[in-house]
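Understanding the architecture of this molecule
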Amino acid sequence: MLIDEALLKKIQFDKSGKLISKAEDASPSTYMPDDETKKMTAIIRDFFTWADVVQRTPRREFNDLSVLSRGMVDQMSFNIYQPNNGEAYPGDVVNSWKSHAMRPIVRVKAMSIAAHVAAKMLFPRVFARNETSDSQEDAATVMRDLIEYASEQNDYAKNTLYAIITACFNPVSITHIEYAEAYRTVKTEQKPDGTWETQVIRDEDHSGFSLTPVPFDEFYIDDFYGGDNIQKHDRILWRRVQNYATLQAKYGHKENFQYVRPGIQVIFNDANTSFYNVYDPNLRQSLCEEIIFYCKSLDVQIAMVNGIMMDRPDNPNPR
């Protein structure tokens, strides 16, 4: 979806928008949606492009580093990054005999901060405003039980601790919260001819409340200065690369998933409003790019896999 320079070299168009590249991995796609889908695809692509600029623009707040560069530098500091070859730094032959070992000061400080914060605010507590009211006390007890139940389902303690630690050495810490219901097909009884009878059951391991840490380089916003309240941003986008089998289980029931091929991006060309299959060197043959686009003003939530829209272009945002 977000085309890099190596990918652009593989596809060429003439002035009319006709594909003129002779590369074997660039060919017209069988995915041909309607005009509304094409229009929404262009909107998502344009936002994706500008949101990527937001992440790569140097900021004075980050000592003239971009969000991506700032995160990389801080992660190296937290992990006490050292060259893996054990050789001396270029041009520093005199000190080459010295050890490169470093004291983990940054990591110790970050872990100490995270431990203190987690100890104070790990689990939320619900109390009755009027302790003499039996009904309010009962309601508070029920809410505490529900919070405890949900926390057990989504491994709240571990995920919250990870989120706090991440906030200590990354520009931002993001956690996606949702309630999901997953189903899978199981074999129940073998027939005389050797085939199996199947039944669709609820997958308890992947159903219920879920907390998912979101790396900052997978999360795109429309305005760097829009504040830390994500709900007030008009457009946000979540991009991640996942295994084809995982996305097949998630979107396999969608009509357009039949066009998804691992490692192949479907590129939209404005000039002739056509789609082309292009091999993506950043994806292995078993990987796909998943994009979830949220737009408040249009009231849509749209998922795309390798540039192919899984939902209708007017799919409403359920959150």
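Above this note sits the structure.
Now for a look at the structure at hand.

Analysis parameters
Residues numbered from 1 in each chain as written. Predicted model: local features only at pLDDT ≥ 70, side-chain atom pairs only at ≥ 80, totals over all residues. Heavy atoms only, no water. Helix = DSSP H or I, 4+ residues; strand = E, 2+ residues; numbered from the N terminus. Buried < 20%, exposed > 50% of the residue type's maximum accessible area, 1.4 Å probe, protein only. Contact = heavy atoms within 4.5 Å. Areas by Shrake-Rupley, 256 points an atom, 1.4 Å probe, with all protein chains shown as cover. Salt bridge = Lys/Arg side-chain N within 4 Å of Asp/Glu carboxyl O. Expected span 1.5 Å × (residues − 1). Arc of directions from axis to C-beta. Core = buried A, V, L, I, M, F, W, Y, C linked by side-chain atoms within 4.5 Å.

Counting secondary structure elements, the protein chain contains 7 helices and 12 strands. Among the 319 residues that make up the protein chain, the fraction classed as buried is 34%. Sequence-distant contacts in the protein chain: of pairs separated by 6 or more residues, those separated by 24 or more amount to 59%. Of the roughly 20500 Å² that the protein chain leaves accessible, carbon and sulfur atoms contribute 52%.

What follows is about the pattern of salt bridges. Scanning the model with the defined rule gives 13 salt bridges in all. Close ionic contact of D311 with K254 constitutes a salt bridge, the shortest N to O distance being 3.0 Å. Linking D311 in the segment after β12 (308-309) with K254 in the loop between α7 (244-251) and β8 (264-269), this pair joins segments that are 57 residues apart in sequence. Taken together, the shared-partner salt bridges in this structure form one network comprising R240, K250 and E290.

Let us now look at helix α3 (residues 67-78). For α3, spanning 12 residues, the distance from its first C-alpha to its last is 16 Å, which sits close to the expected 16 Å at 1.5 Å a residue. Turning to α3, its buried residues number three or more, namely V67, R70, G71 and F78. End-on view of α3: buried residues confined to an arc of 95°, all on one side of the axis. Once α3 ends, the next one or two residues include I80, with phi positive near 50°.

Of all hydrophobic cores here, the largest spans 36 residues; its most connected members are I44, L237, Y251, F293 and M310. Secondary-structure elements contributing two or more residues to this core are α2 (35-56), β6 (219-221), β7 (235-243), α7, β8, β10 (287-295), β11 (300-305) and β12. Residue contacts for L237: discarding those within four places in its chain leaves I44, F47, F48, E218, F219, Y220, I291, I292 and F293. With 7 residues, the next largest nonpolar core counts F78, A110, I164 and I165 among its residues.

Each full turn of the α-helix corresponds to 3.6 residues, which orients residues three or four apart in the same direction. Under the 1.5 Å per step criterion, the end-to-end length of helix α6 (residues 156-169) is 21 Å for 14 residues, consistent within 8% with the ideal 20 Å. Those residues of α6 hidden inside the fold are in contact with α3, α4 (105-121), α5 (134-153), β2 (174-180) and β5 (208-214).

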